[in-house]
Every structure is written in C-alpha cells, then in structure tokens.
Amino acid sequence: MAGLPELLSSALQPAFDRLEAGADPVVRPSTRPGVDFQANGAMPLAKRLGRRPAAVADDVARVAALDELCSAVEVTPQGFINLTLSDSWLAERLGAHAADPRLGVARVADPMTVVVDYSAPNVAKEMHVGHLRTTVIGDSLCRLLAFAGHTVIRENHVGDWGTPFGMLIEHLIDIGEEEAAHELSVGDLDTFYREARAAFDDSPAFQERSRNRVVLLQSGDPETLRLWHVLVDQSIAYFQAVYDRLEVLLTPGDVIGESFYNDLLPVVVRELDERGLLVVSDGARCVFPAGFENRDGSPLPLIVQKSDGGFGYPATDLAALRDRFGRLGADLALYVIGAPQAQHLAMCFAVGHSAGYLPSPGQAVHVPFGNMLGADRKMFKTRAGGTVKLVDLLDEAVARAGAAVAERSELDAEERAAVARQVGMGALKYADLSTDRIRDYVFDYDRMLSFDGNTAPYLQYARVRCLSIFRRAGLDAVTYMDGSVRVGLGEPAERDLAVALLGFAAAIDDTLATWSPHKLCAYLFDLAGLYTTFFECCPVLKAPTEDQRDSRLVLCALTAATLGLGLSVLGIEAPERM
Ligand code: ARG
C-alpha cells in the first residue's frame, strides 16, 4: 500500500507528463488549514517551459484525475496546487490501513543486501559515549532496513589489532591472566589500558618487550595469539553485556573485527599496485586519491602500508570494502561512525572505487553523527574529567525512570521494574535518535525522562493512554483493526488524526531516504500530539452514537499500533501499562 503523497503523485503524474514527460509533481504536506497536501511541481516546470506558474498549475489541475481522491483542488496565484482529500476516500483508505499489519508500509520492490558497520568499540578500551551513539543509531537503521524488506548484515568492526596489543599483552603477562581476565570482564577496561600505557611510558624495558610482542603477534606465534585471544574474548563478552542491557540486535556473531582482514591486507597492497595506484612516499606505500589535499594544498595520501611494513586503519577499511562488496555481495554499505572520520572514509571510498572494490561511489555511505555533550555544553565527561562508562549511564537512566514511574503508577513491584527498564532505556535511546544525528546534543536525564515533549516516555505514555480506553471498557483493541468499522471523520480532530495515521509509510520512507531516525521520531511526536487533541475534543466511550464510538475506537487502536510499531523499529519497547 502506497502512502498518501505517492498516491496523489501518481494521480497527478499523467497531467504533468502531458506538459513534460516525467516532470515531478513534488507533492508535500501542506500547513494551510483545510488543505492536506500541495503539489509544488508546477513552478519549476513553468520555469522550464517559459510559462506562468499559475497557468501551468491550471492545466494540470483541469485534467488530473483527482475526483475520487480529493474533495477540493485549488490553484493559487503563485502556482501551488492545494489538495484536500475527500472524507469518504480517507475513510475507505483507513479501513484498509487498519487491516494491514504493516500499517501501509510496503516491502521494497527490489530488496538490497545492506551491510551496516556500527558500534565498533576497541578491545581493552572502555566504550565511550560516541560508541553509544553509533550503537543506538546503527541499531535503529538495521531494524528499519529489515522492516522495509532489505537483507541486513550487521558488522561490528571491533578494533582488535595493531601495535597497542604488544603493550596490552605484556601488561596482561605482568598482572597475570586471571587478574587481567577479571578486570576486563567486569568492565574495568580503562584501568587495564591506563596501567599498560603507564608501564609503557615509564619503562624502556617494557617498551622493548612490547615491540617484540607485536612482532610475535604479527608472525602468528601461537602463545602470543592465545594471550591476544584472552584480551579479545573478555572484551567482546563485556561489550555483549552492554548490548544486552541496551537491547540492541548485535551478537558476538556480528563481530568482524579488524583482525579478520589480516590475510587480505597484502592482497589489497598487491591489487592496488597492479592497478598502478600505489606511490612510495617517505618509505610508506600510499594512494593519493584525486581531490584530497592537505591544508597547504599538497596532495593528501591514504597510507596503506607504513614504512616499517605495518598496515594501519586505512588498509583494513579497504580490505573491508573488498570483502563487503565482493564476498558478501553487498549492494550498499552504511558506516555509522562519528563525523571526525569523514575524511578517512571519503578517502577509503575513493580509493576503493579506483581499485574496483566499490562498484559505484554511492554504494558506500558514511552516516555521521555529532557529539554528545554534557550540561556544560562541553564534551560529555565524568566530574573528574574521565570517560563516562556506558553501563553507568544505563543504570542511572533506569534508576531515574524507576523513581518517575513509582510516582505515578499503581503497578506492582515486578511490573514496575520492567516498565522502569523500558522507560529508562527508551528515554536514553530516544534522546539520541530524536535529534538530527549530525548535530551535537546535550545529554540531560531530566529532559529525556520527562513525560512532556519529544521523549520516549511521552510516546510510551500516549500509547498506554490509547490502550487503557480499551482496558477500561473491557474491549480488545485488535478487534477494531480488521477494517470492518467505517471511520467517520466529522470532527477536524478526527480528520487530522486520520491523515497523520495514513502518513506512517511516508515517515518511514523519509527516514530511510537520509538515514535519519529523527524524522520518524518527529512523525510519532506529531501523531501523539494530534491524538491528544482528538482525545480532548472527541469523547470516545461516551461518544453520542455507537457508530461514532466504534469509529473513534478504530482511531485509538490505530494510534496505539502506529506508536508501538514506530517505537519498535527505532529499537524502543513500549509497555502495555505504566
Ligand atoms: N573502532 C573505531 C573507533 O572506535 C571505529 C571503527 C569504525 N568502522 C570502520 N570500518 N572504520 O573509533
């Protein structure tokens, strides 16, 4: 089932085609009272045809087959075509919509295989708030893509290789395997890393051992690899505990760490060389992709192999491109990584394309995000200036949600604990998802846990309010979703809510078009607001007639279903009661 803008667009298309084949009607929601949508396409078309916009709009409006869909079509002097949907058509549409478990969201006609590279913390290092953002945003994009019908391959590109591992393994030997495993498994990763770093900085002998250990690691020495595995396995178990708490889809099976690509790195160098892309610069093997410059205007190298023979982060990402578009047959790869890595990724994509790893440049997409800031609008840090542990954030959010829920609810202790978890975790995730991901956002428990405003608790509570109407009356919301009740749209609040409900598919489309979960959040927030207005103006159980009561119950059931499904594709649970 197509969304309203698509339906209007297809109805208008033949009329536009008569004037210019393929001209886009540009259908957008309208903010004018009494108008649902507007077609803006007459203006650019008039410009191309050298005609007056209103005349073009008139031509379109006169021949377009809109009788069934619209009760009013009005052309403005500027050349907008204002469209008002017909109530009877809307009512019919709503019936079909209610009966569709996907609430109007069609599965994509040509499903893609999409690799989503997200989370990617580093072994033996604490996950920081940047990892929270990539994990939450990446997870919702995975859910949205899967819901739209794509095949999703989650890849957790964990940092599990490189020169620091010499020092980390030597530190592990010094404190003993058991103690090391303990520190890492309880998430004391920072202490472990800091101590290793301190030993390295303090002692030339330790530095020497670390360097030798890197050589042993790279040459595949079995005992060294065993110790490396202790570090990796403990860290991954710890990351998984955080993922489980966060209720994201990631599993240990999704870990394709940097080390996975080790065998491919020499192959990448050879293939780049064969294509004539490699340049030796200061002993390092580099590629100079066109269009990338240093500050002084000199060409910027992507260093593939350092002068000491070691491979770095860029080589691994080139190998990952080769693997994703080759072995895995990806059609698209999303990289949910902070904005500071934009240049690194752009260079890898450019080189990957020249090397033939990336079939077309648009198939690898950086989905960047801004910083999470503290109340002081500076980088989010503990009071002592350290990295904030993610688990501490989660615990605090749930504890505060518990207090908020206890204040307002009559649930028993067990259900209250479950609701606190859903509200706390939901609030934390939604705060991240609801701001345009490119922007920095201020982390604020009070705001994210508020029952007012664009927050998870507000949406969760709106859904609970819809459902409680059914509970109070001893009715089952599901039975109002079979499309058998004709929805009446006499009140403006009913009509506004109905049009918004039918907009769910368009909201999902918009969200996926720019990989921006905040668009779905904004839609759900608007919907909840329209529901509140409807609820205030239109008595449901005390409606004047039985038909009206049933019709309004359909609107309530649909609102609850839309909020529930919308939150769930964002990765947020919605309690039945709170
Ligand atoms: N481990 C890196 C970090 O913590 C992120 C890796 C992102 N993925 C990638 N393919 N480069 O910054």
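Refer to the structure presented above.
This is a predicted model, so every value here is computed, not measured.

A. Just the pattern of salt bridges, in detail. Within the structure shown, the criterion is met by 28 salt bridges. In this structure, R245 engages D395 in a salt bridge whose closest nitrogen and oxygen atoms are separated by 2.8 Å. In this pair, R245 is assigned in helix α10 (residues 222-246) and D395 in helix α14 (residues 390-408), connecting sequence segments 150 residues apart. The residue D323 makes a salt bridge to R327 at a minimum N-O spacing of 2.6 Å. Judged by its relative accessible area of 53%, R327 is exposed. One continuous salt-bridge network, built from bridges that share partners, spans E170, D174, R209 and R213.

B. Structural context of the pairing of strand β10 (residues 332-335). Taking every second residue as pointing to the same face, both faces of β10 are buried, with L332 and L334 on one and A333 and Y335 on the other. Note: strand β5 (residues 113-117) against β10, 4 bridges, orientation parallel. Within the sheet, the bridge partner assigned to V116 lies in β10 and is L334. Looking at chain direction, β10 and strand β11 (residues 364-366) are connected through 3 bridges and run parallel. Pairing of A333 across the sheet is with A364, part of β11. In this fold, β10 hands off to helix α13 (residues 342-354), which returns the chain to β11; that crossover is right-handed.

C. Representation of the site of the ligand in the model. Neighbouring the ligand are D117, A120, N122, H131, H157, Y313, D317, Y335, I337 and Q341. The contact in question runs from a nitrogen atom of the ligand to an N or O atom on the side chain of Y313, over 2.7 Å. Taking D317, its side chain carries an N or O atom lying 2.8 Å from a nitrogen atom of the ligand. For the ligand, whose unbound accessible area comes to 350 Å², protein coverage reaches 87%.

D. Broad picture of the sheet that holds strand β9 (residues 302-305). Taken together, the 3 strands give an open sheet; going across it, the order is β7-β8-β9, and neighbouring strands pair in antiparallel fashion. Looking at the sheet topology across the chains shown, the edges are occupied by β7 (279-281) and β9. Recorded for the sheet is a direction-independent mean angle of 50° between the axes of neighbouring strands. As defined by bridge partners, strand β8 (residues 284-287) adjoins β9 across 3 bridges and the pair is classed as antiparallel.

E. Representation of the environment of R549. Among the secondary structure elements, R549 is positioned in helix α21 (residues 546-570). Linking R549 and G352, residues 197 residues apart in sequence, is a C-alpha distance of 60 Å. Once residues lying within four places of it in the same chain are set aside, the contact partners of R549 are L475, Y480, V540, L541 and A543.

What counts as what
- Residues numbered from 1 in each chain as written.
- Predicted model: local features only at pLDDT ≥ 70, side-chain atom pairs only at ≥ 80, totals over all residues.
- Heavy atoms only, no water.
- Salt bridge = Lys/Arg side-chain N within 4 Å of Asp/Glu carboxyl O.
- Helix = DSSP H or I, 4+ residues; strand = E, 2+ residues; numbered from the N terminus.
- Buried < 20%, exposed > 50% of the residue type's maximum accessible area, 1.4 Å probe, protein only.
- Pairing = 2+ DSSP bridges.
- Right-handed = clockwise from strand over helix to strand, strands pointing away.
- Near = heavy atom within 4 Å.
- Polar contact = N/O pair within 3.5 Å; in protein donor to acceptor, adjacent residues only side chain to side chain.
- Areas by Shrake-Rupley, 256 points an atom, 1.4 Å probe, with all protein chains shown as cover.
- Axes fitted to C-alpha atoms, helices over the stretch in contact; angles between N-to-C directions.
- Contact = heavy atoms within 4.5 Å.

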